[in-house]
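Descriptive structure summary
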Amino acid sequence: MPPPAQPLPSTAFATTQSSFEDRFEAWRSGISVLFDVAPLAQGDPLDGFHAQVNAVHLGQLLLGDLRFGAQRFARSQARAAHDGLDHYLVQWYRDGGFIGQHSDRDDLLVRAGDVVVFDMARTQHTVAQKSRVLSLIVPRALGDEAFAGATNPHGTVLRSDNIFGGLLADHLGALHRRLPTIGMDQADDVVRATTQMLAACLRPSQRTVAAARAEVEAVTLERIQRHIGRHLGAPLTPDALCRTFGISRHRLYRLFEPLGGVARYVQQRRLQRAFQTLSDAAYRHLRVADVATRLGFASEAHFSRAFRATFGHTPSDVRAAAEAARNISYRLATGSAATVEYADWLLGL
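The rules behind these values
- Residues numbered from 1 in each chain as written.
- Predicted model: local features only at pLDDT ≥ 70, side-chain atom pairs only at ≥ 80, totals over all residues.
- Heavy atoms only, no water.
- Helix = DSSP H or I, 4+ residues; strand = E, 2+ residues; numbered from the N terminus.
- Buried < 20%, exposed > 50% of the residue type's maximum accessible area, 1.4 Å probe, protein only.
- Polar contact = N/O pair within 3.5 Å; in protein donor to acceptor, adjacent residues only side chain to side chain.
- Pairing = 2+ DSSP bridges.
- Axes fitted to C-alpha atoms, helices over the stretch in contact; angles between N-to-C directions.
- Contact = heavy atoms within 4.5 Å.
- Salt bridge = Lys/Arg side-chain N within 4 Å of Asp/Glu carboxyl O.

1. Some points on the side chain of Gln-71
Mapping Gln-71 onto the fold places it in strand S5 (residues 71-75). Exposure remark for Gln-71: the relative accessible area of 0% places this residue in the buried category. Polar contacts involving the side chain of Gln-71 include one to the side chain of Trp-27, which spans 2.6 Å. In this structure the side chain of Gln-71 is engaged in a polar contact, spanning 3.0 Å, whose partner is the backbone oxygen of Gly-69.

The structure is reproduced here in structure tokens:
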């Protein structure tokens, strides 16, 4: 098909245009119109970072093909209130994905193939993998007309295996492929067809929110469990966990109810780690009191009582039994040199 007489305006950006050490800062400056970005962790090496954007203007819509390395994206409440952006952002994650929150509370999990919608007047904080994303920016007036009758779509995720998610991803992919053949005289018709597809796919999706909530809750619980496993010596009170994950006490208690409650779960994880520590020759120099303190117990007496109630033996008994087993080179038939490593993996889940 021959190119149109008046092609759509386009622009391109790539960090390869900057020196190696300045690439992330170039990206930060370039994407700052939409997001505040940061490395995944302070001090991460950034000299290998790469990002690029190819964007096309359809008159009433902007379509961008983005590739970027792992990083954090954020729109704070203050920024959302003052930077003047009043648009919807529709993103199809061709590769990669992210975890994060929208509206400061609700968790999101987006995988390769999923489509997610954000209201840029609201908050979001995400931790993205290396990804390739097709992004559609829709002005609010156009979006509100398309979504009439539906609740605000902020944070809506259309899964890749959902018929409406698949239809919308197919449409965005076809639109991107055909951009070189679309002229300015056809742009309004293309915009109309695209917004109609958005409406057709997003309105039914509101009925799937309740079904998706179970998956979101499972992801949130897993994140909290991992945090607990990695910070057993830190204060892990309900208030501390609520602050860390931005959730209410009610939601935290509901998540852990099947596990016997938050406090019970934390104590069991600490006791499991204590058993492994006391059985490990690498920690034989630690006193029982030291183990208790390192794992967040208020006192050695409280630790010993809880330990005996759980395992039927005192901490000293477990340490002595492990030492005796080492002295006579005893190994259980199912044991191996990998047992301690496997326990670390299991307890760190």
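2. So, the sheet that holds strand S11 (residues 131-139)
Where strands meet in a sheet, backbone hydrogen bonds hold them as pairs that are either parallel or antiparallel. Read across the sheet, 7 strands follow the order S1-S3-S4-S11-S6-S9-S12 without closing on themselves; strand pairing throughout is antiparallel. Two strands close off the open sheet at either side, each with one partner strand: strand S1 (10-14) and strand S12 (156-158). If you compare each strand with its neighbour and ignore which way they point, the axes differ by 15° on average. Sheet analysis places S1 next to strand S3 (residues 51-57), joined by 5 bridges and oriented antiparallel. By the bridge assignment for S3, Phe-13 is matched with Val-53.

3. Thoughts on the environment of Phe-275
Within the secondary structure layout, Phe-275 lies in helix H9 (residues 262-279). Taking C-alpha positions, Phe-275 is 9.7 Å from Val-291, a pair spaced 16 residues apart along the chain. Setting aside residues no more than four positions away along its own chain, Phe-275 makes contact with Phe-307, Phe-311 and Val-318.

4. Some remarks on the pattern of salt bridges
Evaluated as defined, the whole model comprises 11 salt bridges. A salt bridge links Arg-79 to Asp-36; its shortest N-O distance comes to 2.7 Å. With Arg-79 in helix H2 (residues 77-82) and Asp-36 in strand S2 (residues 36-38), the pair connects residues that are 43 residues apart, well separated along the chain. We classify Arg-79 as buried; its relative accessible area is 15%.

Read these as spatial facts, not as claims about activity.
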